[in-house]
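Coordinate analysis (summary)
Here is how the chains run, residue by residue.
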Amino acid sequence: MTTPAPSLRSMRDLRDLTPARVGLGRAGAGLPTKALLEFTLDHARARDAVHATFDVASVISGLGDLGLAAFDVASRARDRSEYLRRPDLGRALDQASQHVLADKSGRPCRLAIVIGDGLSPTAVHAHAIKLVRSLIAQLAVDGFEIDHAVVASGARVALGDEIGGILGARMMVMLIGERPGLSASDSLGAYLTFAPMPGRTDAERNCVSNIHGAGLGYDEAAFRIAWLVREGLAREVTGVALKDESGGGASGASRQIQNRHDKSEI
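Heads up: these notes are all about the structure in this document. What you see is a predicted model, and the numbers here were worked out from it, not measured in a lab.

Calculation rules
Residues numbered from 1 in each chain as written. Predicted model: local features only at pLDDT ≥ 70, side-chain atom pairs only at ≥ 80, totals over all residues. Heavy atoms only, no water. Helix = DSSP H or I, 4+ residues; strand = E, 2+ residues; numbered from the N terminus. Buried < 20%, exposed > 50% of the residue type's maximum accessible area, 1.4 Å probe, protein only. Polar contact = N/O pair within 3.5 Å; in protein donor to acceptor, adjacent residues only side chain to side chain. Contact = heavy atoms within 4.5 Å. Axes fitted to C-alpha atoms, helices over the stretch in contact; angles between N-to-C directions. Parallel < 35°, antiparallel > 145°, perpendicular 65-115°, else oblique. Left-handed = near helix turned anticlockwise from the far one by under 90°. Nonpolar A, V, L, I, M, F, W, Y, C, P; charged D, E, K, R; others polar. Patch = residues over 30% accessible without salt bridge, like charges linked within 9 Å, V, L, I, M, F, W, Y side chains within 5 Å. Areas by Shrake-Rupley, 256 points an atom, 1.4 Å probe, with all protein chains shown as cover. Salt bridge = Lys/Arg side-chain N within 4 Å of Asp/Glu carboxyl O. Core = buried A, V, L, I, M, F, W, Y, C linked by side-chain atoms within 4.5 Å. Pairing = 2+ DSSP bridges. Phe/Tyr/Trp six-rings, centres within 6.5 Å; stacked < 30°, edge-to-face > 60°. Lys NZ or Arg CZ within 6 Å of the ring centre and 35° of its normal.

1. Let's talk about the side chain of serine 134
Considering the arrangement of structural elements, one finds serine 134 in helix H6 (residues 121–141). On the basis of relative accessibility, which here comes to 13%, the residue serine 134 falls in the buried class. Only 3.0 Å separates the side chain of serine 134 from the side chain of aspartate 219, close enough to count as a polar contact. Beyond its immediate stretch of four places on either side in the chain, serine 134 contacts Tyr218, Asp219 and Ala222.

Put into structure tokens, the structure is as follows:
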């Protein structure tokens with residue numbers, strides 16, 4: 001019995017289902033020119049995303065348009081080069097920022113949000129404000145508001161722990177640019193930590209990742225984040241002890257917001 005040769009159509013179908021580089025073909029011992037040029041372009045986009053300038057003023061202005069009075073802080077990394085070479089410096093606030101946050105603390109803070117540049121300022125500029133807009137609507141379904149909004153330069157995920165600790169936040173949501181890849185250079189991630197403080201581990205966080213144009217949409221991401229905020233506060237835990245069982249996705253998110261609007265009209 002002979003095994004039939006693989007269908008060429010099946011390879012084309014596979015390429016339609018994934019952004020991964022499969023079935024590229026070959027030219028002699030190398031890649032076809034088109035595939036090589038596309039690889040080189042995506043690699044350049046990823047490098048550019050890492051080294052892009054973080055426009056703090058633009059992000060603060062965007063948050064202001066949403067009714068959030070944001071302020072900026074910085075990590076101990078003095079420049080982008082040091083940030084990339086010393087990840088530990090991106091996890092700790094500089095002294096001036098500690099004083100700024102201390103002046104803002106003192107009142108009860110249930111929920112704080114930090115927008116950090118991370119490894120892709122490009123992702124933050126493209127998606128953060130649009131995501132926050134959807135998130136505000138989702139949080140309102142459960143009666144939650146964002147008490148503090150912070151924009152952090154030279155930020156790693158764990159920087160949110162120190163920020164949240166100084167502000168006395170019960171729940172911290174950290175939006176940050178994820179490490180660029182060859183299929184997405186503008187992917188945004190959201191990290192949630194209950195009772196943030198220095199020393200928290202990644203096992204104590206929940207993550208909603210891959211938020212970008214070809215990945216997770218704003219409404220669905222906001223729906224998941226809002227669910228984790230609500231359940232994390234109710235159960236007083238995040239991380240491995242809090243499984244994302246939000247379900248529903250974007251359609252469920254739209255239904256919840258619409259139900260809230262309908263009730264407000266009664």
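2. As for the packing of helix H3 (residues 56–65) against H6
Direction vectors running N to C along H3 and H6 enclose 15 degrees, while the axes themselves pass 10 Å from each other. Between H3 and H6, the crossing angle belongs to the class labelled roughly parallel. Handedness of the H3/H6 crossing: right-handed. Residues Val59, Gly62 and Leu63 of H3 pack against Val124, His125, Ile129 and Val132 of H6. Looking at the contact of H3 with H6 residue by residue, the classes come out as five nonpolar, two polar and no charged.

3. Some thoughts on a nonpolar patch on the surface
A cluster of nonpolar side chains, namely Leu24, Leu31 and Leu36, defines an oily patch on the protein surface of about 240 Å² accessible area. Looking at the secondary structure, you find leucine 36 in helix H2 (residues 33–51).

4. Focus: the nonpolar core
By size, the foremost hydrophobic cluster in this structure holds 39 residues, and its most contacted members are Leu63, Ile225 and Val229. Those elements that provide at least two residues to this core are H3, strand E2 (109–116), H6, strand E3 (148–153), strand E4 (169–177), strand E5 (188–194), strand E6 (205–211) and helix H8 (218–235). A per-element tally of this core places H8 first, with eight residues. Leucine 63 has contacts with Leu68, Ala70, Ile115, Ile129, Val132, Ala149 and Val151, leaving out every residue within four places of it along the chain. Counting residues in each nonpolar core, the second largest holds 17 residues, with Phe71, Cys109, Ala112 and Ile176 among its members.

5. What to know about the environment of arginine 45
Inspection of the secondary structure puts arginine 45 in helix H2. Residue classification places arginine 45 among the partly exposed residues on the basis of a relative accessible area of 45%. Separated by 140 residues in sequence, arginine 45 and serine 185 have C-alpha atoms that sit 6.3 Å apart.

6. Describing the sheet that holds E3
With respect to topology, six strands assemble into an open sheet ordered E1-E3-E2-E4-E5-E6, the strand pairing being mixed. The sheet terminates laterally at strand E1 (71–74) and E6, the two strands that pair on one side only. Averaged over all pairs of adjacent strands, the angle between strand axes in this sheet comes to 20 degrees, irrespective of strand direction. In the packing of H3 onto the sheet, contacts are made with E1, E2 and E3, and the angle to E3 comes to roughly 165 degrees. Packed on one face of the sheet, helix H5 (residues 95–104) meets E1 and E3 and runs near 145 degrees to E1.

7. Describing the pattern of salt bridges
For the coordinates displayed, the defined rule picks out 14 salt bridges. Notably, a salt bridge pairs arginine 200 with glutamate 204, separated by 2.9 Å at the nearest N-O pair. According to the relative accessible area criterion, arginine 200 is partly exposed, its value standing at 23%. Relative accessible area serves as the criterion here: at 26%, glutamate 204 is assigned to the partly exposed category. One salt bridge connects arginine 235 with glutamate 231, and the closest N-O pair in it is separated by 3.1 Å. Here glutamate 231 and arginine 235 lie together in helix H8, a separation of four residues that amounts to about one turn.

8. Some remarks on the packing of aromatic side chains
Taken as a whole, this structure holds zero aromatic pairs when the rule is applied. Sitting over the face of the ring of phenylalanine 71, lysine 104 holds its NZ or CZ atom 5.1 Å from the ring centroid. Positioned above the aromatic ring of tyrosine 83 is the side chain of arginine 156, whose terminal nitrogen or guanidinium carbon lies 4.3 Å from the ring centre.

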